[in-house]
Structure formats: C-alpha cells, structure tokens
Amino acid sequence: MTDQLKYLSRQVVTGRINRRHFLGRAGALGLTAAAATTMMNSAVMAAGPQKGGTIRVGLQGGSTTSSLDPALSSNQTDWTVSRMWGETLVELTDDGGLEGRVAESYEASADAKTWTFRVRQGITFSNGQDVTAADVAETLDRHAGEESQSGAHGILRDIKDVRTDGRDVIIELNTANADLPYLLSDFHLVIQPGGGKSAPDAAIGTGPYILKDVDMGVRFVAEKNPNYWGELGNAETLEILVINDNTARVAALQSGQVDMIDRVPPRTAGLVARAPNVNVRSTSGPGHYVFIAHLDTEPFSNRDVMMALKYGINRQEMVDKILFGYGSVGNDSPVNGYYPFATEFEQREYDPDKAAFHWKQSGYDGPIVLETSDNSFPGAPDAAALFQQSAQAAGINLQVKRQPNDGYWTEVWNKRPFCTSFWAGRPTQDQVYTTTYLSTADWNDTRFKNEQFDQLLLAARAELDSAKRTQMYADMGTLLRDEGGLICPMFNDFVDATNDKLAGWADGVKGLPLMNSYAPMRMWVTN
Amino acid sequence: MSLLIKLLAQRIALGLVLLFMVSVLIFAGTMILPGDVAQSILGQSATPEALANMRRDLGLNDPPLQRYFSWLGGFLQGDLGTALTSGQDIAESLGKRLGNTLFLAFWAAIISVPLAITLGLIAVRYRERWPDKMISAVTLASISVPEFLIAYIAIFFVSVRLRWAPSVTTIHDGMSLGEKLHTISLPVAVLTLVVLAHMMRMTRAAILNVMQSAYIETAELKGLRMFNIIWKHAFPNSVAPIVNVVMLNMAYLVVGVVVIEVVFTYPGMGQYLVDHVSKRDIPVVQACGLIFAAVYIGLNMIADIVSILANPRLRHPK
C-alpha cells in the first residue's frame, strides 16, 4: 500500500492527478483524509535546507573532448559544471522571470536600445580578485567578438557597443530588444576575470563552488566556495560523474552510487519510479520533437501537402508511445504555455478525412520521403513509423529513410527537405523565432520566409507593452501554425531522478533539466 | 644465436611497416567519415562565423596530405600533438587513459589466464567426464552471451540488488589500490568470463593433441600420475598454440573492451577513442589507433618469439 500511496503522491507533485483525486484514491486504500494530506504534503515539502555532506550526481553528455571554457559549453555536464564555479549576469527564476546574479540590478532606456547593468558590490572571483564592470565588458567582448567560437555568438550579434562607467556596464544595441536580460542569462555567458581572454578554461568565477579535481568526460569534484555571496550551495562537496550509458546511469542511482541523475529514459521511467528509494522528477519544458519540411522545395512548397501532413499525424499517440506520457501534445508551433506572452490556439487533431481532402486538393500523389535517425530525438525512427501509419490512413505515401546517427546534424538536418529534429527551446519567444523562423535566420530549418512574420517579430522585440506584445506573438503563432513547415507533435518533459537521501527538489523550475541545472546546488543531504 | 637476432629484427621491421600502413588506413578512414570537426565540436548551436573561425584555427583548411605528414613528423619525434577539440596535450591525457586500460587488462589477465589454463588441464585430466563437460558448457555459454548483456545482468544482481560491488567504476588517483580493485571487480569478472572460453578450449585441444604421442604413452607406462604427465610432458610441448591464444586475448583485453568501458563507465582508452571519433579529432584517433595497433602487433610478436624459443625445431630452420 505504501508504494501505491507514494506513487499517487508523486503523481500529484508532477501534476498528473489533482489533490482531490489523490485523496479519493488514498481513501480507497484505507487511509483517513488527514493522514493522506500529511503524506501528500510531506512529499511536497521538507524541513528547511541542511548544510554539509556530499551530493553525487550522474550526468550524461560529458565527453573527454569537452573543455571547461563556458563558450564551448554544449551539453548537460558542461553547463552544470560551469554553473558550479561561475555565474552569469542574470539568471532565470523558478517561474521563468529573471533575477540578478553578477549584476545587482539592471534597467533599460525607454526605447529598449540602451541597457545598464550594475555589478554587484563586494563580490570576488575564486582567485580573490574583485569583480569589476571591466570583467563583464571583456566577457561580452570575448563571446561577441569576430574571432569568437562561442555558442552565444549568435545571440550577441546585435550589440553595437559595450562600455563601463564605475560599477555600471552599459550595452548599446543596434535594434531595440526588450529581452536582452534573457539573452544574457545564456549559460555560455559566465563572467570570468578579464573576460577569460587569457585563460578561458581556468574555471575561475564567482560561483558557489570551486573545482578541486577535473577529469574531462569522467569526473569533477567541487568544494563549497567559502566566499560565495549568495544562498546557493548546501552540500559541502559535489561530485559529478559522467555516465553516458542510460542503463548504467539508472543502475548507478538504484545501487546508491549517485544521488541524482538526469535524463531517465521515458521508456523505463515508470519502472524506475517503482523502486522504494528513488523519486522520478518530471518537469515540463519548452523542448519539442519535430518533423521539419523545407517550404522552398517541392512538394512541401504546396500548402495543401503541408496541411495534409499536419492533419495526418496523430499527436496524442506519439505522446503516449514515444514519450510514454512524459510530455504534452504539440500544435505545430514551437511555442507552448512555458513561454511568457504565450496564447492558446485551438488544438489541431488527427483527422484522416481532412488530410485526405488536402492531399487530393494538392494534386501531388508521389511519395514523401522522411529522413530520420535515433539521435535526432530519442525514438525518432519509431515516431516516423507511427507517422507513416497514420498518414497511410489518409492515402499519403510516406516513406521513412533511416540515416546514421553519425553526422546527422551536419548532413541531414537543415540540408535535406524533410527530416526529424529536436529543439531544446529558448527562454523567450523572441529567441525561438529569431533563431529558427526569421527569414534570414541561419537555422531556418523549414525555410519559412514570411514578410509579415518578420515585421511582427521586430516590432514585438521592441514592444515594452505586454498586452500588445502578447497579441503580436499570437498573430505570429497563427501564421507559423498555418503556413509553416513545422509539424510539432509533442513537447517532451525533462525526466530526472533523485534518491531519498536528498531533499529540496522544487517542481516546475523553468530552464534546463535538473532544476535548470541547479539541483546539485539547491538540494541537500538529509540525515 | 645471430640467426635468432636476425629473425627478431625481421619481425620488428615488419611490425613497423605494418604500423605505418595502419596509420595511412586510419587517416583515410577518418577522412571518409561524414561531417567535419568544427561542426562536431560546436554542435547544433554553431553559427557560420564561429564555424569559419574554428576551421581556420584548427588548420582544417590545409590539404589533408600536408596535415597527415606534419602529424607523422611530430609523432616520430615523440610529439603526439594537441587534441583539436580540447587543446590538451595528447601524450599526457592519453597516457593516463592507457594506464587505466592496462590496469584493468592486467587484473583481468592475472585472473583469467591461470584460471583458463588450469581449467584446460582439469578438462584434459577428466576428459569426456562430467568436470570436462561442465567446464566446457559453462565457459562456452558465457562466451556466447554478448558481453554487454552479461555486464547488465551482473550490474542488476551484484550492484543493484546485493550492493556488493559498484556499477560505476570510475577510478581516480585519490583511491588506494584496495579501493581501486574493489571498484573494478565487476568489469574484471565480466571480462574474465568473456575471454575464458577461448583460452580454455585451446589449452584443452592443444594438450589433447600431444596426448596422442608415443612419449606420453611411455610416461604412462612408467606409472607417472596423470596430472604430472600433463603438466610436465604434455603442456611444455603444446605451449606455442596456447601462448598464441593467450596473447590474442590479452590484446583483446587492451583494445577491445570499449563496450565494457561504456557500460561500467570506466575511464579507459576505449571511451577516450570513441569520444574523439565522434568529434573527428583526427590526431587523437590516429594516436589511439597506432597505440592499439602497436599493442596488437607487439603481443603477437611476443607470441611468435615464445613459440620459436619453446620449439627447438623453429630455432634452427634449415
């Protein structure tokens, strides 16, 4: 019975069943309402943070080829490590707002073209140096410079000038951008002494921990930074082990060798959750699994072909069979309720009749070739097969062509006319659209070129009035949903897991997996 | 004696030629792989400018032939170069990984080789009786199951259920020898199971072959104990094929354990190589490939030399 109750209370926490439902089910198991409520709350809350101890974390993504240079950060291990030793100017709050880190405060000019960030007073780097405005300016310069290889290079392209004035860093933009602070919360933009120009991978920053032992792609050990200014960091020591094999990572948690892991495969998450000492944590996010077609290539330039495909896909079936319920249905837009200024659209459903109608209307009856590989998203070939089945019911001849994992992102994605892909999402709608759906975007992987959309995007970026901005984004969403080359069947949840030695998990934290990668620093070891 | 030295020199020269050919093959292989280094390092979030900058910095715009020969020149002077991806010195990071791999291979060999030979001797002693049949059945079954499956089964029962040994075998310098041995106990056990059958069967077959000889019959007629006959008379005469198989399996323990390393998260050469192959880090792949080839060729050479020394007929060819 305890297992069942534990399962139920976890369902409440992850929002899968509501409280009333829980109480009803618990009652059926012979528990009084009061006891059940206590139990449910204890699953949600715990007695305040405790300091000390060691938290061991098993993460995927790390590789011997990685670098400690935050500019080259490209996976969960990289950015979790850089968050331990360093900080960005601003960071996302749990509900997707912003708070200052290295910056104490910030403000925009009325036209949103000039931004001033004030560097926090009295904070130091782990080498003892004071943090100055010049360090911040140099950091931005390193990432934005022409020579830069930084992953944040693209988002800083619009910066015209950075200058300092005492503790202030003043950033001038070419075009107005109301979202600049969101851009600066990017995990690449860790503030380093002298901008990290002389030693980009020295791992010296203002973070809550100091790296003690580094073996790239294998193991990282960090100890609490005694001079850290903020609240983060409960455990005395953090140990990160890179465990790329899914089964090995889950086994490491089950055998008690690590306390926390990321990316539990949805297929086995239900089984993992049954273990008495393991809590599976699911967080909905902006990541989405997609089918993308090039609108400038036959037959996808034919709007009826696109509509036939959009009606010919069974989104709910994919959430059930590919994500095993750890996700939500998509609506052919890259934006879901996760984003600020998001609006709901009518859900597009699987409708073989409408699909067949559009298919006939298009006058095209050749085969449609869909290219896929397992690393475009987990289970992509299976999803492609499901799409093939559902499209067949509408008379669409969809052929699936399997491609190797190796080189998929260079040879297939953004090159071939119709393929499976994955987007991790961005903090704001503006970034999503700018990265992928603006006519001139480097990664316009659907070749979506719409003048009206571009104009709306630039206007919304400069708009400080939220109501107007919401309306603009709604209009853009409609355009993309009806005219775009994006078929988005599902948004995936992040599925992480912790053991019962740890407390302090917060649900629904926005950003990256594992509480925006702060779980190792925010959770604590219980005695 | 001079004949022997000449023979050795020939073997070594042949090995070096082979190594050179292997380096050409590896280089050609890495050129055929789809995708390029810069894109693989920067991932999906690379802008065209960042890509161009990285390609220039890494010297990827030079013709392949020039890159190959400048690398080979460095290698001959003992300079393995720096990794394209992380900028680290290859000799240093590779040395540590090679040490780990040899550590695991050493302990697996220390257990599996004597065990395999002893089991082979026992199987001959009790030929066609139940100990022989049981040894063969168990070792053949363990070699027939894919190694990752044995590894997962071992993890499930020994680590997750019984919690006797760790499933993540990340060893580091802060550990004592005892801790390290406990940490690697599961991969060592699995590797032993994987290589046991091959060596055991070869020992059994080679000795059985010798057992037909007239001098064995003489020894039997002298009234020697069966085990003494096998150990003192049959085994030395069948050592050549056994050493060959043992060396092959030891080479496997060094170069072929990628899957085991991934499943047990062991920081050895295999994982190091795979990481760099997926990032097209050609200098590292070349260096790893050459070291693997050298290990293979070297161990086979030792096997040849041991066979020559063990057999007077080979020592004095006509």
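Keep in mind that this is a model prediction, so the values were computed, not measured. (Residues numbered from 1 in each chain as written. Chains lettered and ligands numbered in written order. Predicted model: local features only at pLDDT ≥ 70, side-chain atom pairs only at ≥ 80, totals over all residues. Heavy atoms only, no water.)

1. So, the overall build of chain B
- When you go through chain B residue by residue, the secondary structure sums to 16 helices and 0 strands.
- A principal-axis box enclosing the C-alpha atoms of chain B has dimensions of 85 × 60 × 35 Å.
- By the burial criterion, 47% of the 318 residues in chain B qualify as buried.
- Long-range pairs, those at least 24 residues apart, make up 74% of the contacts in chain B between residues at least 6 apart in sequence.
- Total accessible area on chain B is roughly 15800 Å²; 68% of this is exposed by carbon and sulfur atoms. (Helix = DSSP H or I, 4+ residues; strand = E, 2+ residues; numbered from the N terminus. Buried < 20%, exposed > 50% of the residue type's maximum accessible area, 1.4 Å probe, protein only. Contact = heavy atoms within 4.5 Å. Areas by Shrake-Rupley, 256 points an atom, 1.4 Å probe, with all protein chains shown as cover.)

2. Regarding the overall build of chain A
- Helices and strands together make up the secondary structure of chain A, namely 18 helices and 19 strands.
- For chain A, the C-alpha radius of gyration of 24 Å lies close to 24 Å, the compact-globule estimate for 527 residues.
- In terms of principal-axis extent, the alpha carbons of chain A reach across some 70 × 65 × 45 Å.
- Restricting to contacts in chain A with at least 6 residues of sequence separation, those with at least 24 account for 70%.
- On chain A, roughly 20400 Å² of surface is accessible, and the fraction owed to carbon and sulfur atoms is 48%.
- Seen as two clouds, the 48 positive and the 65 negative side-chain charges of chain A have centres 5 Å apart. (Rg over C-alpha atoms; globule rule 2.2 N^0.38 Å. Lys, Arg positive; Asp, Glu negative; His and termini not counted. Charge placed at Lys NZ, Arg CZ, Asp CG, Glu CD.)

3. Thoughts on the domain arrangement of chain B
All names here are of chain B.
- By the assigned domains, chain B splits into domain 1 (1-85 + 279-318) and domain 2 (95-278).
- On a C-alpha basis, the centroid separation for the pair domain 1 and domain 2 is 28 Å.
- On the side of domain 2, 18 residues touch domain 1, which itself brings 21 residues to the contact.
- Where domain 1 abuts domain 2, roughly 1800 Å² becomes buried across the two surfaces, and 77% of that area is made up of carbon and sulfur atoms. (Domains from an automatic or database assignment. Buried area = accessible area lost by both parts, 1.4 Å probe.)

4. Let's talk about the packing of helix H14 (residues 429-436) of chain A against helix H16 (residues 466-483) of chain A
Residues and elements named next belong to chain A.
- The geometry of H14 relative to H16 is characterised by a closest axis approach of 12 Å and an angle of 35 degrees between their N-to-C directions. Every pair of crossing elements has a handedness; the one defined by H14 and H16 is left-handed. Packed against H14, whose contacting residues are Gln429, Asp430 and Tyr433, the element H16 presents Arg469, Tyr473, Met476, Gly477 and Leu480 at the interface.
- In terms of residue class, the contact of H14 with H16 is made up of 4 nonpolar, 2 polar and 2 charged. (Axes fitted to C-alpha atoms, helices over the stretch in contact; angles between N-to-C directions. Left-handed = near helix turned anticlockwise from the far one by under 90°. Nonpolar A, V, L, I, M, F, W, Y, C, P; charged D, E, K, R; others polar.)

5. Concerning the packing of helix H6 (residues 130-144) of chain B against helix H9 (residues 185-211) of chain B
Residues and elements named next belong to chain B.
- Across the interface, H6 lies against H9 with an axial gap of 7 Å and an inter-helix angle of 140 degrees. It follows from the interaxial angle that H6 and H9 lie oblique. The two elements H6 and H9 cross, and the hand of that crossing is left-handed. On the side of H6, the interface is formed by Asp132, Ile135, Ser136, Thr139, Leu140, Ser142 and Ile143, while H9 contributes Leu193, Val194, Leu196, Ala197, His198, Met200, Arg201 and Arg204.
- Tallied by class, residues from the contact of H6 with H9 come to 8 nonpolar, 4 polar and 3 charged. (Parallel < 35°, antiparallel > 145°, perpendicular 65-115°, else oblique.)

6. Let's talk about helix H14 (residues 269-278) of chain B
- Of all 10 residues in H14(B), 7 are buried, a share of seventy percent or more.
- Residues of H14(B) that are buried sit in contact with helix H5 (90-125), helix H13 (258-263) and helix H15 (282-310) of chain B.

7. Comments concerning the packing of aromatic side chains
Residue and element names in this part refer to chain A.
- Applying the stated criterion across every chain, the model contains 25 aromatic pairs over all chains.
- Seen in terms of ring centroids, Trp79 and Phe187 are 4.5 Å apart; in terms of plane orientation they differ by 45 degrees. Their pairing is tilted. Taken together, the residues span a long stretch of sequence, with Trp79 in helix H4 (residues 76-85) and Phe187 in the loop between helix H6 (180-184) and strand E8 (209-215) at a distance of 108 residues.
- Given the relative accessible area of 16%, Phe187 is considered buried.
- Each member of the aromatic cluster is reached from another via a ring pair, and the members are Phe341, Tyr433, Tyr437, Phe448, Phe453 and Tyr473.
- For the cation-ring pair, Arg101 lies above Tyr518, with the distance from its terminal atom to the ring centre recorded as 5.1 Å.
- Taking the ring centre of Trp229 as reference, the NZ or CZ of Arg120 above it sits at 3.8 Å. (Phe/Tyr/Trp six-rings, centres within 6.5 Å; stacked < 30°, edge-to-face > 60°. Lys NZ or Arg CZ within 6 Å of the ring centre and 35° of its normal.)

8. Here's the deal with the domain arrangement of chain A
All names here are of chain A.
- By domain assignment, chain A separates into domain 1 (2-47), domain 2 (54-62 + 207-282 + 494-525), domain 3 (87-196) and domain 4 (288-492).
- Taking only C-alpha atoms into account, the centre of domain 3 sits 33 Å from that of domain 4.
- Domain 3 puts 12 residues into the contact, and the matching count from domain 4 is 12 residues.
- A buried area of about 950 Å², summed over both sides, lies between domain 3 and domain 4, and 55% of it is on carbon and sulfur atoms.
- When residues of domain 3 are sorted by the area they lose upon contact with domain 4, Ala178, Asp179 and Tyr182 head the list and together hold 42% of the total.
- Between the two partners, domain 3 and domain 4, sit 1 salt bridge.
- One salt bridge in this structure joins Asp179 and Arg469, with 2.8 Å as the shortest N-O distance.
- Joining domain 3 to domain 4, the criterion identifies 2 residue pairs in polar contact (both at pLDDT 80 or more). (Salt bridge = Lys/Arg side-chain N within 4 Å of Asp/Glu carboxyl O. Polar contact = N/O pair within 3.5 Å; in protein donor to acceptor, adjacent residues only side chain to side chain.)

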